[in-house]
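Coordinate analysis (summary)
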Amino acid sequence: MESSIYISGKLLSITTFIYFFAMFAYIIYAVSRNNIMGAIGTILTAMGFLVETGGLVLRWIESYQMGIGRPPLTNLYESLVFFAWCTAGIYLAFEFYYKNRFMGAFVLPFVSIAMAYASFSPNISQEIQPLVPALQSNWLIYHVITCFLAYAAFAVACGVSIMYLIKNRKEEKKISFGPILSLFPSMAVLDDINYKAIAIGFPMLTLGIITGAAWANYAWGSYWSWDPKETWSLITWFVYAAFLHARFTRGWKGKKAAWLSVIGFISVIITYLGVNLLLSGLHSYAS
Amino acid sequence: MAKKFDIWEFLASVKLAVFLLIILAITSIVGTIIPQNLSYEEYLHKYGETITNIIVNLELFDMYHSWWFIFLLALFTLNLIVCSLKRLKPLLEQIKNPKKILDEDLEKTIGLKDTIKKRGNIDAWKEAVKHYLSPKYGVPYEEITKENIYLYYDKGKYGRLGVYITHLSIVIIMIGGMIGAIWGFRGFINLPEGGAADEVFLRGGKAPYKMGFIIRCDNFSLGYYPNGMIKEYRSDVTIIENGQEVKKFAMRVNHPLTYKGLTFYQSSYGVISRKANLRVFIKSGKDAGKSYEIVATEKPINIPYTGDFVRVFDHYQNLENYGPAVILEVNEAGKMPVRFPVYKNLPDADLNPNSNYFFKYIDYEESYYTGLQVTKDPGVWIVWIGCFLMMVGLYYSFFVIRKRLWLKFYYDGEKTVVTIAGHSTRTRAFEEEFAKIVQDIKELKI
């Protein structure tokens with residue numbers, strides 16, 4: 001069965017293209033400082049977000065029509081789509097709050113790559129499959145939603161931290177990046193956005209780990225078994241905990257904290273994808 | 001004395017916390033790369049002698065329970081406790097007895113401050129400002145002296161306790177984990193259908209645990225989706241205590257059974273015996289055209305009146321979307337054994353055309369054993385309390401922000417002078433908020 005037989009699949013394919021155009025609009029905006037391009041970026045991202053919402057809801061409905069009703073959060077394809085959805089949503093909220101479109105060029109690539117990977121990788125099945133017994137639990141929804149909101153917030157934090165590091169490098173080394181940097185928010189604002197995103201991500205990740213532990217205890221009789229996915233989620237938690245404490249420590253503010261945010265997101269990617277693709281364990285169903 | 005003081009400071013430092021968090025993150029990676037709990041021979045085969053020796057010496061085969069990892073966790077916990085204790089006392093003091101009066105000292109040192117002059121009566125202005133601020137910042141502390149009126153707002157004053165609630169929750173979770181490790185266990189029971197057991201087998205060669213009651217498996221069954229994927233593993237079990245059947249339960253994955261502090265989980269299953277009712281047709285030879293009904297099992301049986309054998313090798317509920325199929329292995333004299341499927345829904349398909357026999361699928365039955373995991377963990381509730389506290393603590397840390405406002409009113413003979421000062425743990429965001437408060441007060445009218 002190909003995805004094309006699902007209407008939701010078509011909507012999600014369209015979403016992939018909309019996000020790509022949004023990403024390019026933001027990048028052109030970043031380089032040209034043309035405000036119309038920036039507005040197009042925002043409109044396209046919001047459009048992509050809406051179409052994707054429709055796609056996810058429809059996929060849920062379609063699963064009921066197939067007689068196997070389950071939320072669209074149960075395999076690698078759906079989780080990538082959901083990651084893109086969360087990241088686009090959280091990004092739009094931050095853009096609206098801070099009234100700065102420049103971050104789009106640094107966050108939308110994460111959204112586009114996730115959608116493109118989901119849509120075009122030959123290894124990822126887009127089929128709507130019924131749930132294996134281990135996944136038949138309400139904990140699934142709580143666990144996946146909390147984890148992915150965390151991942152999305154961390155993606156935004158990572159994008160902003162990269163901006164911070166570029167700007168910091170410019171100020172340290174007096175390297176000119178031409179007009180691009182003029183649109184960057186000030187370093188203090190970047191630092192603030194980074195912190196705010198992690199202030200959302202960290203409690204969500206904690207809740208994700210706790211719901212995962214509760215579920216594991218209910219399904220397997222052990223809330224913590226040091227399986228690679230669990231361990232990597234804890235590693236991610238350690239890195240962001242270090243970030244939060246580093247802010248109160250002299251010599252760890254600013255640049256080092258931004259690096260911790262970037263490293264934290266690398267750890268998120270390993271937790272999310274690396275463990276499934278490279279290591280075996282209890283979460284291997286997702287590959 | 002001086003040295004002891006240093007250790008205290010070292011253990012109380014946030015720098016040590018950052019360092020330990022990073023070290024814990026880095027070392028934890030090792031156990032996700034090196035497979036855990038393999039045998040010595042398996043490591044030797046996988047990594048060779050040198051690396052295997054390192055693995056054994058550093059206990060990397062079970063690194064999350066190794067002495068050095070436990071030591072790191074203990075040091076981390078100690079750091080967290082000492083660090084919290086050191087900062088908690090001054091903080092509690094500051095919450096309980098904050099500076100409420102905007103005196104000259106405070107006016108000099110505070111960052112956010114402004115003065116507004118208003119035409120009119122001092123009491124009327126105090127009431128107007130109070131009327132504006134109180135809905136947002138709660139009930140103020142009020143003090144009236146001969147010349148001045150003081151107001152003090154302290155919103156979200158417990159916000160900074162969030163950090164310490166979070167730290168406490170980590171300690172509680174660790175205690176829960178330790179209680180589970182000391183007084184809990186994980187074991188397993190394998191029960192054939194109809195079989196019963198009163199003890200749990202523990203890992204690591206320990207003596208079996210006597211449950212004090214009996215668990216019996218009445219039936220094990222597999223449920224399937226239309227496409228043949230497994231929908232459920234189900235064990236119907238009965239608890240028998242003192243000869244009485246006290247509880248019946250349908251145990252499935254994600255639906256464990258808890259009885260008297262023990263929790264039983266559906267964890268595995270296996271086939272004990274297979275029984276396929278078949279009709280075998282002889283294609284050629286002296287009995288050509290004859291057919292017999294046979295019952296094939298996993299052990300080879302003789303095909304009637306021949307020297308050849310057949311046995312059941314496997315069975316699928318839905319093989320390649322054609323429905324149920326039994327995989328037979330036929331052993332004919334002078335030929336290699338051949339395995340092939342016989343489909344229930346394709347009664348005319350002969351998938352082993354070179355054989356002298358043709359089979360029809362009539363019926364299939366198998367009996368199972370069910371594998372139950374059994375755990376006892378008296379610490380698990382402490383862990384959940386810790387987790388709940390952690391969420392409360394994180395909520396307070398991130399979303400309850402302490403905002404303090406000091407106001408002083410006095411009448412200079414002509415106008416009411418309002419001095420306002422503010423402070424928050426979230427400085428940047430509060431600056432804008434403070435500017436807006438000042439602006440709004442300037443525009444207030446009585």
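As for the packing of helix 5 (residues 67-96) of chain B against helix 8 (residues 161-183) of chain B
Residue and element names in this part refer to chain B. Where helix 5 contacts helix 8, the axes come no closer than 10 Å and their chain directions differ by 145 degrees. By crossing handedness, the relation of helix 5 to helix 8 is classed as left-handed. Residues Thr77, Leu80, Ile81, Ser84 and Leu88 of helix 5 form the contact with helix 8, whose own contacting residues are Tyr164, His167, Ile170, Val171 and Met174. Of the residues belonging to the contact of helix 5 with helix 8, the class tally is seven nonpolar, three polar and no charged.

A closer look at the domain arrangement of chain B
Each domain of chain B was delimited in the assignment, giving domain 1 (2-85), domain 2 (98-156 + 401-443), domain 3 (181-272 + 370-378) and domain 4 (274-367). A separation of 35 Å is found between the C-alpha centroids of domain 1 of chain B and domain 3 of chain B.

Thoughts on the domain arrangement of chain A
All names here are of chain A. Entries for chain A in the domain assignment read domain 1 (1-131) and domain 2 (141-287). Taken together, the 22 residues of domain 1 in the interface contact 24 residues of domain 2. Those elements giving two or more residues to the side of domain 1 that touches domain 2 turn out to be helix 1 (7-32), helix 3 (76-98) and helix 4 (104-120). Of the residues in the side of domain 1 that touches domain 2, the class split is 17 nonpolar, four polar and one charged.

Examining the sheet that holds strand 3 (residues 148-155) of chain B
Note: strands within a sheet are paired through backbone hydrogen bonds, in either parallel or antiparallel orientation. Residue and element names in this part refer to chain B. Spatial ordering of the open sheet is given by 1-18-17-3-2, a layout of five strands whose pairing is antiparallel. Each having just a single partner strand, strand 1 (112-118) and strand 2 (141-144) make up the two edges of the open sheet. Geometrically, the sheet is characterised by an average inter-axis angle of 15 degrees between neighbouring strands, direction not taken into account. In terms of strand pairing, strand 3 meets strand 17 (residues 403-411) through eight bridges, oriented antiparallel. The partner of lysine 155 across the bridge, within strand 17, is lysine 403.

A short note on the nonpolar core
Ranked by internal contacts, the top residues of the largest apolar core, which has 104 residues, are A:Ala153 and A:Val156. In terms of residues, this core owes the most to one element, helix 5 (residues 139-173) of chain A, which gives 16 residues. Not counting residues up to four positions away in its chain, the partners in contact with A:Ala153 are A:Ile90, A:Ala197, A:Ile200, A:Gly201 and A:Met204. In this structure, A:Trp220, B:Ile215, B:Cys217 and B:Tyr368 belong to the second largest nonpolar core, which totals 20 residues.

Points about the interface of chain A and chain B
In this complex, chain A contributes 37 residues to the contact, which on the side of chain B involves 38 residues. Elements that contribute at least two residues to the side of chain A that touches chain B include exactly helix 6 (187-220) and helix 7 (228-246) of chain A. Taken together, the residues that form the side of chain A that touches chain B break down as 27 nonpolar, nine polar and one charged.

Here we look at the sheet that holds strand 14 (residues 325-331) of chain B
Residue and element names in this part refer to chain B. One open sheet accounts for four strands, arranged 12-13-14-15; its pairing is antiparallel. Each having just a single partner strand, strand 12 (301-302) and strand 15 (338-343) make up the two edges of the open sheet. The pairing of strand 12 with strand 13 (residues 309-316) spans two bridges and is classified as antiparallel. Bridging from a neighbouring strand, isoleucine 301 pairs with valine 310 of strand 13.

Focus: the pairing of strand 5 (residues 196-202) of chain B
Residues and elements named next belong to chain B. Where strand 4 (residues 185-192) meets strand 5, two bridges bridge the pair, whose relative direction is antiparallel. Counterpart to glycine 187 in the pairing with strand 5 is leucine 202. Hairpin remark: strand 4 followed by strand 5, antiparallel, with three residues in the connecting loop; positive phi at glycine 194, about 90 degrees. Here four bridges tie strand 5 to strand 6 (residues 209-224), and the two strands are oriented antiparallel to one another. Across the sheet, alanine 196 pairs through a bridge with arginine 216, a residue of strand 6. Connecting strand 5 to the antiparallel partner strand 6 that follows it, the hairpin turn spans six residues, and glycine 204 within it adopts a positive phi of roughly 80 degrees.

With respect to the confidence of the model for chain B
All names here are of chain B. Across chain B, the average pLDDT comes to 91, with 99% of residues at or above 70. Averaged pLDDT values over the elements of chain B bottom out at 73 in helix 1 (residues 2-11) and peak at 96 in helix 9 (residues 380-399). Complex prediction metrics read pTM 0.87 and ipTM 0.90.

Comments concerning unusual backbone geometry
One can expect most non-glycine residues to show negative phi and most peptide bonds to be in trans. Residue and element names in this part refer to chain B. Here asparagine 37, not a glycine, exhibits a phi torsion of approximately 60 degrees, which is positive. Checked against the element boundaries, asparagine 37 lands in the loop between helix 2 (14-33) and helix 3 (40-47). According to the C-beta neighbour criterion, asparagine 37 is exposed, with 10 such atoms within 10 Å.

Section: the packing of helix 8 of chain B against helix 9 of chain B
Residues and elements named next belong to chain B. At a minimum axis distance of 7 Å, the contact between helix 8 and helix 9 shows a crossing angle of 165 degrees. Considering their axes alone, helix 8 and helix 9 lie roughly antiparallel with respect to each other. Judged by the twist between their axes, the crossing of helix 8 over helix 9 is left-handed. Grouping the constituent residues of the contact of helix 8 with helix 9 by class yields 19 nonpolar, nine polar and no charged.

What about the environment of B:Gly393?
All names here are of chain B. With respect to the secondary-structure elements, glycine 393 resides in helix 9. Taking the C-beta count within 10 Å as the criterion, glycine 393 has 22 such neighbours and is therefore assigned buried. Sequence separation between glycine 393 and tyrosine 164 is 229 residues, and the spatial gap between their C-alpha atoms is 7.3 Å. The contact partners of glycine 393, leaving out residues within four places of it in the chain, are Gly162, Ile165, Thr166 and Ser169.

Calculation rules
Residues numbered from 1 in each chain as written. Chains lettered and ligands numbered in written order. Predicted model: local features only at pLDDT ≥ 70, side-chain atom pairs only at ≥ 80, totals over all residues. Axes fitted to C-alpha atoms, helices over the stretch in contact; angles between N-to-C directions. Helix = DSSP H or I, 4+ residues; strand = E, 2+ residues; numbered from the N terminus. Left-handed = near helix turned anticlockwise from the far one by under 90°. Contact = placed C-beta atoms within 7 Å. Nonpolar A, V, L, I, M, F, W, Y, C, P; charged D, E, K, R; others polar. Domains from an automatic or database assignment. Pairing = 2+ DSSP bridges. Core = buried A, V, L, I, M, F, W, Y, C linked by C-beta atoms within 7 Å. Buried ≥ 20, exposed ≤ 12 C-beta atoms within 10 Å, placed from the backbone. pLDDT = per-residue confidence, 0-100. Parallel < 35°, antiparallel > 145°, perpendicular 65-115°, else oblique.

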